[in-house]
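Read off the chains here:
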Amino acid sequence: MARIFISYSRADRQFIDGLVPLLRRVYGPDSVWFDDDIHGGVDWWQTILAQVADCELFVYLISNESLASPYCQSEYREALRLHKQVLPVIVRPKTNYPGPVPPDLAALLRRTHYVDMSRGVRDTGAITRLYASAHRLLDEVPPKPPPPQSPQPISRPPVPDKPPERSARGLWVAGAVIALLALAAIVIALSGVLGDGDGEDTTPEQTKAVAAAGTEEAAEIPLPTETPTLTETATATATDTPTETLTPSDTPPPTSTPTPTLPLETQVWMDVTASKVAADQDASATAALWTYTPSYTPTATDTPLPTPNLTLTYDAAMAVVFQTLTATMWTFTPTPSDTPSATPTPTATATPSDTPTFTPTVTPTPTSTPTNTSSATPTLTATATPSSTPTFTHTPTSTATATATSTYTSTPTSTPTTTPDPRQAALDRARTFEGGNDDWEPVVQTFDGVEMVLVPAGCFEMGEDVEDNEQCFEEPFWISRYEVTNAQYAAFLNAQGNQSEGGTTWLEADSDYVRIHQQGGTWAADAGYEDHPVVEVSWYGARAYSEWVGGRLPTEAEWEYAARGPDGWLYPWGNEAPTCEQANTSGCEGGTAPVGPEQRTGGASWVGALDMSGNVWEWTSTLYQAYPYRADDGREDGDSDASRVVRGGAWFFNRDFARCVSRDLYHPASRNDHFGFRLVRPPSL
C-alpha cells in the first residue's frame, strides 16, 4: 500500500522527478505514488481513487497551475472526503496561495500550513521541514479511519489539465517575434531597393551583417541610420504597449545545434542524486536557469547560462591515531611435582602444606663392609604399595652411617599472585552504578578492532515530554566509541562480499558519494577517507557488519541512553546548543568528517562516545512506532521490512536533529550519503 500520494500539475513534472527519489529513499520504493505509475489500458481515474484511498498522507504540490487544475482539485476533494492527512508543499516561486481554487477549497488551504520548497529539492532546510512534517502527520494517522464524509467518491474531472498559461504564451511570443523579425528584414530590404541608386547616403558604418535566414543576400542588406525598434505585440498589429525591445546584434548566430526551447522563466531542476555535495551553496546554484533570449534572426534561439559549478571541495582528511586500551592479564599456573628426591635427607623436615604429605620412615640395612656392593647404577624404587606400612628400599652410593633416616617429601604447591582484571572490575562497578552523568568515569575497551565504551546500568526518561516512557537497564552494555569507518567496512566486504538483502546490496557501490571501491577484486577505502564514517549502507548492511564482528545494532532506547544518560541531557555534552567543535551538523564540514579520539572531543557523551550528534544518521534495530517505547511490543522484530529508526542527525541536517531525543525513520533498504551506524555488545564479551 502506498503510504504517500502526490498530487501535482504537469508544469511541475521536473520538480517531482527530483522529489520522488528522495521520498522513496526514506519511505521505500513502493511507498510513494504518483500517476506516472499508471499503466496503459486501465481506468486512470479509478486507479487514482484507489491510490488516494490507500494512502496515509496526501501531498499536494502547490503552484498556480496545480491550484487551477481540475484534476488536482478533484484529487484533493477525494482526500478530504476520506479524512486523509494533507500536506501542502509550495514548489514554485510567486505562487498565489491558496490561489485560483474554489472558495471552499481556498478556505481549507488557508487553515493548513504549508512547507515552502520553492527554492527546490536541494534546499536542505526545506527538505528537512518536509521530512519532519511528513513524519508527524504519519504518526497521527488513526488506527481506524473515520467514515467518509460522503458515500460516493469524487467524480471524474470534466476537463483535461491544461498546459501552463506561461508556456503557451511563451510559444506564441516566440512565433510572433519570428514573424516580426522576418517582416523587419523585408522592410529593410525594400528600403534599400527604393533608395538612391548611387548609394551616396550610405556609409560603410551603416552596412552591417544581419543574421536573418543565414543567406549571403541578407548579409549585404544596408541598415538605416536610425536603428529600428521591434516590439512584441499581443496582436497582429503593433498597436499595444511594447513589452520587450529587441536591438540588432553584431554577433553572428551560433553555429551549434540550438537547444530545444523552454518556457520563459521555467526552472530546470537538477538531478537530486547529484545535489548533496552543494547543499550549502547559494540558492542561485540550486537550479540551472535557461533564459529565453530573442536574437535578431528569423529563428528564435535560447542561450543557456553557464552551468554552475557544483563541485564541493572537501578538506583533506586528518590523520587519526586510535588509542587502544588493552587489559594485560596474566596468571601464574604452578606445576606440582610428586617425584621424590633421589638424594636422601638425613634430617626429616616437617613442611606445612595445604596438601597432606605422606612421609614414610625408611630404615636401610647396611652391609658388613661400608663399601657399596650394588650395581654401578643406583636403583631408586618409589613404587606406592597399598599397604598400611609402605617399605622404601634404598641402596646408598656413599658410606652409610649406622642409622640413616630418609624423608619422602612432595614439592609444595605455591600460591600465585594474580593481577585483577580491569574489565571485570569495570563491569562490577557498572552493574552497581547509582549516580548521574558526571559520576561515571568512561571505560574504553577494544573488541576485534572496534573501540567501545561501557554504558552502566541505570534508568532515564526516554523522549521529550512523553508520559510513561522511563527505560531501565539492569545490565551494562558496550557501545562503539565511534561510528563504523570506511576502512572497517571495507575489511568486512573483503570477508563477506557485497551481498544483496532486502532487495538491495549492503553498500551502494555505484554511488557518487560512497568512499569504498573495489580494485582488482579487493575492497578498499578511498585515500583520505579511511577514518570517515561509512555511508550509503542499508539497514541490512549495517546489521550484517555488526553480527560479523560479534555485536548487533543498538535499540533505540540503548542509543538514547548512551547519548544523554540518566540526567537526560538535551545533547550528549549537556544542554547547550552545538558548535562545530562539538558536532558536524548544519553543514559545518560540508560532508562527513573523520572520526577518532582527537575529533570533536567536546561533543563526547557521558560514557565517552563521540559523534552521537551529527556527522551521519545512525541505524538502530528498532521499527519506527509511536511512544511509549516497549521492547516487547514487536518494534524489535528483526524480520520486518518496515521503516527503522535512525538517530543523531547528519552533517547537512539542522541542529534540531542533533538533539538526543530526535528520531527519524527510513526504509531498511534505503542507502544515502548521510546514513551510518555504530554497534553494541553485551557485557559478557
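Just so it is clear, the structure is predicted and the values come from calculations on it, not from any experiment.

1. Thoughts on the nonpolar core
With 96 residues, the main nonpolar core has Ile 6, Leu 61, Met 117, Tyr 489 and Phe 677 as its most contacted residues. Looking at this core, the element that brings in the most residues is helix 1 (residues 13-27), giving 8 residues. If near-sequence neighbours (up to four positions away) are discounted, Phe 677 is found in contact with Glu 483, Val 484, Tyr 489, Val 534, Val 537, Ala 542, Tyr 545, Ser 546, Leu 553, Trp 617, Glu 618 and Trp 619. Residues Cys 55, Phe 58, Ile 62 and Tyr 76 belong to the second largest nonpolar core, which totals 22 residues.

2. Focus: the pairing of strand 23 (residues 644-647)
Because side chains alternate across strand 23, one face comprises the buried residues Arg 644 and Val 646, and the other comprises Val 645 and Arg 647, equally buried. The pairing of strand 22 (residues 617-623) with strand 23 spans 3 bridges and is antiparallel. If you follow Leu 623 over to strand 23, its bridge partner there is Arg 644. With 4 bridges joining them, strand 23 and strand 24 (residues 663-666) adopt antiparallel strand pairing. By the bridge assignment for strand 24, Arg 644 is matched with Tyr 666.

3. Looking at the sheet that holds strand 14 (residues 450-455)
Taken in spatial order, the 4 strands line up as 13-14-17-26 in an open sheet, and their pairing is antiparallel. Both outer strands of the open sheet, strand 13 (444-447) and strand 26 (680-681), are each paired with one neighbouring strand and no more. One ladder, built from 4 bridges, connects strand 14 with strand 17 (residues 477-480); its direction is antiparallel. Note on strand 17: the bridge partner recorded for Leu 454 is Trp 478.

4. Re the pattern of salt bridges
According to the stated counting rule, one finds 26 salt bridges in the structure shown. Two residues, Asp 12 and Arg 92, come together in a salt bridge whose shortest N-O distance is 2.5 Å. In this pair, Asp 12 is assigned in the loop between strand 1 (4-7) and helix 1 and Arg 92 in the loop between strand 4 (85-90) and helix 5 (103-111), connecting sequence segments 80 residues apart. Judged by relative accessible area, Arg 92 falls into the partly exposed class, the value being 25%.

Procedures and definitions
- Residues numbered from 1 in each chain as written.
- Predicted model: local features only at pLDDT ≥ 70, side-chain atom pairs only at ≥ 80, totals over all residues.
- Heavy atoms only, no water.
- Core = buried A, V, L, I, M, F, W, Y, C linked by side-chain atoms within 4.5 Å.
- Buried < 20%, exposed > 50% of the residue type's maximum accessible area, 1.4 Å probe, protein only.
- Helix = DSSP H or I, 4+ residues; strand = E, 2+ residues; numbered from the N terminus.
- Contact = heavy atoms within 4.5 Å.
- Pairing = 2+ DSSP bridges.
- Salt bridge = Lys/Arg side-chain N within 4 Å of Asp/Glu carboxyl O.

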